[in-house]
Amino acid sequence: MRTESRIYVGMGVFFVLIVVIYFLWSGDSGNSIFLVASALLGIMPGLYLGWWARRMNPRPEDVETVTANEIEGVVGYFPSYTIWPFVLGMGAFLTALAFVFGEWTAIIGMGFILSAAIGGTLSSKPKASSHK
Amino acid sequence: MTIAPERLEELEGQPPQHGPEPTGIFKWLTSTDHKVIGKNYMYTSLVFFFISGLMAELIRTQLFAPNNHVVSPQTYNELFTIHGSIMLFIFAGPFVFGGFANYLIPLQIGAPDMAFPRLNALSYWLFLTGSITMLLGFLTASGAAAFGWVAYAPLSNSTYSPGAGPDLWIVSIALVGFSGIFTAVNLVTTIFYLRAPGLTMFRMPVFTWNMLVTGILILISFPVLTAALIMLYADRHFGTHIFSVKGGGVPVLWQNLFWFFGHPEVYILALPYFGIVTEVLPVFSKKPVFGYKGLVFATLAIAGLSTGVWAHHMFTTGTVLLPFFSALSLLIAVPTGIKIFTWIGTIWRGNLDFKTPLIFAIGFIVAFTMGGITGVMLASPPIDFYTHDTYFVVAHFHQVLFGSAVFAGFAGFYYWYPKLTGRMYRENLGKWHFWLTFIGFNVTFLPQYLLGLRGMPRRIAVYGPSDGFTFLNEISTFGAYLTAIAFVIFLYNFWISWRKPIPAGDNPWDGHTLEWATSSPPPSHNFHKLPPIRSLRPTWDMNHPEHADWKHHQDETATKKVNEKEKAL
């Protein structure tokens, strides 16, 4: 976890450095905002990951010489096939087309999105198996 | 959170209960398997690559002779706009971070799937619908967008670009952009949380590293583009004046927003292909990668610097701080140079096996170095003032992007084709494909440097007979046709390998990374059994226990300890 955190924090610190140089040199506030936002995008998740890294033991994937009996637990939860991402994608597509062709495509699209929201929620946990 | 080899052995006895898997079109519509989605991405973006390539051939045919009228000037503008947009947004990016990364990242880190399989499926559907939206523009009465792939204000406002075509372009890029952001979230999460035990960050294959950095870059830059597109749409339809001088807006703001996305985008397109090359070179040189940590830090440095150089596309606007952006742009050449040297170091004195993937990778190094050096030239404002918006720039970015997306992209495609399909391509046809592409590519783009230096502006539909551009344009068009023939050979190779398959086996190249430790194509949830991970090359260690990397490291540390003891005495 520590390396992951350092990558993000490192990027954030780099942007802080750049924004200081850039702002003092050019006095351009508009573009400096981009760099401030990029710095925050590095620092916030970086500090969060670092905070977790301090509170937990190194995970098996962080240990170079891991042995079999140190490994336990579930890998994650991986759903099998489902139609709802497709329905949601079509809904988003039709809704986006409304910006070109008028509201009527959005009405159909919203129908797709709503059904995908309901369908996706209902089919969420019980049907799929967790992968150990 | 992790997978143990022992537990996987248990699973082999009791595979997870999924019920009957759908087949055919339903598999395509409903699958959340990263391998199916990755292939969908790859084949979709290849189809769009060919569509966009045909547009390029039309453009070159139009430019073959002076005062040519193969297409009308309006159609010509539409063609180069959609050609650029498809190549950058729909082919070069999604081909690798949707296709290769989706397929390979879970395999390379020993994970059963991506972290968010349903989000992964959704991002494919957004990508597909966004790509189709891009082409819909040709069917509207006013034609497709015709303002170039950069859509500079005020040309892109409702006065100069009226109609539904430009709106479809905006919607298309927004959809594809969201798809990219979702994929990036998925990639970063997968790499952070689903690695196999023992696979520390500094044991990840370089391709995985590059995809992680690409993911972070996407998260930084794509939202800026989406915001800019929303503002452009508001300017066109809701009467805002963000990018128009008339209402107190600033047209150059569009360029700032666009290039703050656009320059990291160039590295979003290039870094994954660097990763592919770094996978191919060691395997075909029978050596570990040279300077692994240097490569990783160079990648991080490129990513950081690439976000600070956007205004080098705007030197001629007169509104940017020239020395700052010029210095940072020149600095990028340092980590990029480190990469080129580590690639050469990897093949140096290697036992080279000149299979198609290797020659494509070497072709990439040649093309990219040429494009990179002209990039360094363009980073210097005096040269940029002279060559801006000429064919010199066109030649430069085609050498960089064709170099990475096509040479490195097809190096990867040939390299992983046996893994994807379990079949082997035809080696002879692959070599024909390479040599015709390589010759065609150079014949197309090297004359364009000269055309640029003679002052031929980009994006013109016709030039006069007395301009002195005719001969070089004829050569360039000839090269483009040669490249087209090369891709017909590729399609034939693909077709014949599909109709008359030659089984490839699980590990035809004696690969180093984890994806070669499983079967070809990999089973559902990827691995029945993971080899122990003790070094950068777990599959190599498993297949060559006498030459295993970790043994080498052990010996090294042992001799170090002995030396230290001797010193202490």
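About the cut-offs
Residues numbered from 1 in each chain as written. Chains lettered and ligands numbered in written order. Predicted model: local features only at pLDDT ≥ 70, side-chain atom pairs only at ≥ 80, totals over all residues. Heavy atoms only, no water. Helix = DSSP H or I, 4+ residues; strand = E, 2+ residues; numbered from the N terminus. Buried < 20%, exposed > 50% of the residue type's maximum accessible area, 1.4 Å probe, protein only. Contact = heavy atoms within 4.5 Å. Areas by Shrake-Rupley, 256 points an atom, 1.4 Å probe, with all protein chains shown as cover. Rg over C-alpha atoms; globule rule 2.2 N^0.38 Å. Salt bridge = Lys/Arg side-chain N within 4 Å of Asp/Glu carboxyl O. Buried area = accessible area lost by both parts, 1.4 Å probe. Axes fitted to C-alpha atoms, helices over the stretch in contact; angles between N-to-C directions. Parallel < 35°, antiparallel > 145°, perpendicular 65-115°, else oblique. Left-handed = near helix turned anticlockwise from the far one by under 90°. Nonpolar A, V, L, I, M, F, W, Y, C, P; charged D, E, K, R; others polar. Patch = residues over 30% accessible without salt bridge, like charges linked within 9 Å, V, L, I, M, F, W, Y side chains within 5 Å. Phe/Tyr/Trp six-rings, centres within 6.5 Å; stacked < 30°, edge-to-face > 60°. Lys NZ or Arg CZ within 6 Å of the ring centre and 35° of its normal. Domains from an automatic or database assignment. pLDDT = per-residue confidence, 0-100. Lys, Arg positive; Asp, Glu negative; His and termini not counted. Polar contact = N/O pair within 3.5 Å; in protein donor to acceptor, adjacent residues only side chain to side chain. Core = buried A, V, L, I, M, F, W, Y, C linked by side-chain atoms within 4.5 Å.

Draft legend 1. Just the overall build of chain A, in detail. Counting its secondary structure elements, chain A contains four helices and two strands. Starting at the N terminus and ending at the C terminus, chain A contains elements arranged as α-α-β-α-α-β. In chain A, which comprises 132 residues, the proportion classed as buried is 42%. Of the contacts made within chain A by residues no fewer than 6 positions apart, 61% connect residues no fewer than 24 positions apart. In the structure as shown, chain A presents an accessible area of about 7,400 Å², 71% of it carried by carbon and sulfur atoms.

Draft legend 2. Seen up close, the overall build of chain B. Check the secondary structure of chain B and you find 17 helices and zero strands. The C-alpha atoms of chain B give a radius of gyration of 24 Å, which matches the 25 Å a tight globule of 569 residues would have. Taken along its principal axes, the extent of the C-alpha atoms in chain B is 75 × 65 × 50 Å. Scored against the burial criterion, the 569 residues of chain B give a buried share of 63%. For chain B, long-range pairs separated by at least 24 residues make up 82% of all intrachain contacts whose partners lie at least 6 apart in sequence.

Draft legend 3. Structural context of the pattern of salt bridges. Residues and elements named next belong to chain B. Scanning the entire structure with this criterion turns up eleven salt bridges over all chains. Ionic pairing is found between Arg458 and Asp389, a salt bridge with its closest N-O pair at 3.7 Å. A residue pair is termed long-range when its members are at least 10 positions apart, and Arg458 in the loop between α14 (427–453) and α15 (470–499) and Asp389 in the loop between α12 (381–387) and α13 (391–421) qualify at 69 residues. Notably, a salt bridge pairs Glu427 with Lys431, separated by 3.7 Å at the nearest N-O pair.

Draft legend 4. Representation of the interface of chain A and chain B within the structure. Counting residues at the interface gives 58 residues for chain A, matched by 70 residues for chain B. Together, the buried faces of chain A and chain B total about 5,800 Å²; carbon and sulfur atoms form 73% of this surface. By the criterion of area lost to chain B, the three top residues of chain A are Glu61, Phe78 and Tyr81 of chain A, representing 12% of everything that side buries. For the pair chain A and chain B, the number of links is three salt bridges. Across the pair Arg195 of chain B and Asp62 of chain A runs a salt bridge whose closest N-O atoms are separated by 3.0 Å.

Draft legend 5. Structural detail: the packing of helix α1 (residues 2–26) of chain A against helix α7 (residues 206–237) of chain B. In the contact formed by α1 of chain A and α7 of chain B, the axes pass within 12 Å of each other and the chain directions differ by 50 degrees. As summarised for this structure, α1 of chain A and α7 of chain B are arranged oblique, according to the angle between their axes. Between α1 of chain A and α7 of chain B lies a crossing of right-handed hand. On α7 of chain B, the residues that touch Ile7, Tyr8, Met11 and Phe15 of chain A of α1 of chain A are Trp209, Leu212, Ile216, Leu219 and Ile220 of chain B. Of the residues assigned to the contact of α1 of chain A with α7 of chain B, the class counts are nine nonpolar, no polar and no charged.

Draft legend 6. Focus on the packing of helix α3 (residues 84–101) of chain A against helix α4 (residues 103–122) of chain A. Residue and element names in this part refer to chain A. Contact geometry of α3 with α4 gives a least axis separation of 7 Å together with a crossing angle of 160 degrees. Regarding the angle of α3 to α4, the classification is roughly antiparallel. Note on packing geometry: the crossing formed by α3 with α4 is left-handed.

Draft legend 7. Quick look at a nonpolar patch on the surface. Residues and elements named next belong to chain A. Together, Val16, Val20, Phe23 and Leu24 make up an exposed nonpolar region whose accessible area comes to about 360 Å². Locating Val20 in the fold gives a position in helix α1. Using a relative accessible area of 43% as the deciding quantity, one classes Val20 as partly exposed.

Draft legend 8. The arrangement of the packing of aromatic side chains in detail. Scanning all chains against the criterion turns up 85 aromatic pairs over all chains. A centroid spacing of 5.1 Å and a plane angle of 70 degrees characterise the contact between Trp310 of chain B and Phe325 of chain B, whose relative ring orientation is edge-to-face. Here Phe325 of chain B lies in helix α10 (residues 322–347) and Trp310 of chain B lies in the loop between α9 (292–306) and α10, a separation of 15 residues in the sequence. Across the pair, Phe325 of chain B and Trp310 of chain B agree in class, each one buried. Between Phe413 of chain B and Phe494 of chain B the ring centres are 6.0 Å apart and the planes differ by 35 degrees, which places this aromatic pair in the tilted class. With Phe413 of chain B in helix α13 and Phe494 of chain B in helix α15, the pair connects residues that are 81 residues apart, well separated along the chain. Judged by relative accessible area, which is 2%, Phe413 of chain B ranks as buried. When its relative accessible area of 28% is taken as the criterion, Phe494 of chain B is described as partly exposed. Over the ring of Trp51 of chain A we find Arg55 of chain A; its NZ or CZ atom is 4.4 Å from the centre of that ring.

Draft legend 9. Spatial organisation of the domain arrangement of chain A. Here the domain parsing of chain A yields domain 1 (2–65) and domain 2 (76–126). The centre of domain 1 of chain A, based on its C-alpha atoms, is set 35 Å off from the matching centre of domain 2 of chain A.

Draft legend 10. Representation of the environment of Trp125 of chain B. Assignment of secondary structure puts Trp125 of chain B in helix α5 (residues 117–136). Along the primary structure Trp125 of chain B and Gln255 of chain B are separated by 130 residues, whereas in three dimensions their C-alpha atoms are 30 Å apart.

Draft legend 11. Representation of unusual backbone geometry. Residues and elements named next belong to chain B. Each neighbour pair has its own omega, and for Ala153 with Pro154 the value is 0 degrees, a cis peptide bond. The residue Pro154 is located in the loop between α5 and α6 (164–193) in this model. One non-glycine residue with positive phi stands out, namely Arg349, at about 60 degrees. Structurally, the position occupied by Arg349 is in the loop between α10 and α11 (356–378). Taking relative accessible area as the criterion, Arg349 reaches 78% and is therefore assigned exposed. Phi angles above zero are rare outside glycine, and Asp510 is one such case at about 60 degrees.

Draft legend 12. A look at the confidence of the model for chain A. Residues and elements named next belong to chain A. Residue-level pLDDT values for chain A average 85, and 86% of them are 70 or greater. Per-residue pLDDT, averaged within each element of chain A, yields its smallest value for strand β2 (residues 130–131) (48) and its largest for α3 (93). Confidence drops under pLDDT 50 across residues 127–132; counting only partners more than four residues distant or on other chains, this segment forms 22 contacts.

Draft legend 13. Highlighting the side chain of Glu265 of chain B. All names here are of chain B. With respect to the helices, strands and loops of the structure, Glu265 is situated in helix α8 (residues 251–285). Although Glu265 is buried, it forms no salt bridge, and the closest oppositely charged side chain is Arg459 at an N-O distance of 14 Å. Beyond its immediate sequence surroundings of up to four residues, Glu265 is in contact with Leu88, Phe89 and Phe222.

Draft legend 14. Looking closely at the side chain of Asp167 of chain B. All names here are of chain B. You can see Asp167 is positioned in helix α6. Overall, the relative accessible area of 3% leaves Asp167 in the buried class. A polar atom in the side chain of Asp167 sits 2.9 Å from the side chain of Arg236.

Draft legend 15. Quick look at the nonpolar core. Within the largest apolar cluster, 184 residues are counted, with the highest numbers of intra-cluster contacts made by Phe100, Trp169, Leu212 and Phe410 of chain B. With near-sequence residues (within four places) excluded, Trp169 of chain B lies in contact with Thr81, Ile82, Ser85, Met134, Ala145, Phe147, Trp149, Ala151 and Leu229 of chain B. With nine residues, the next largest nonpolar core counts Val100 of chain A together with Leu122, Leu168 and Val171 of chain B among its residues.

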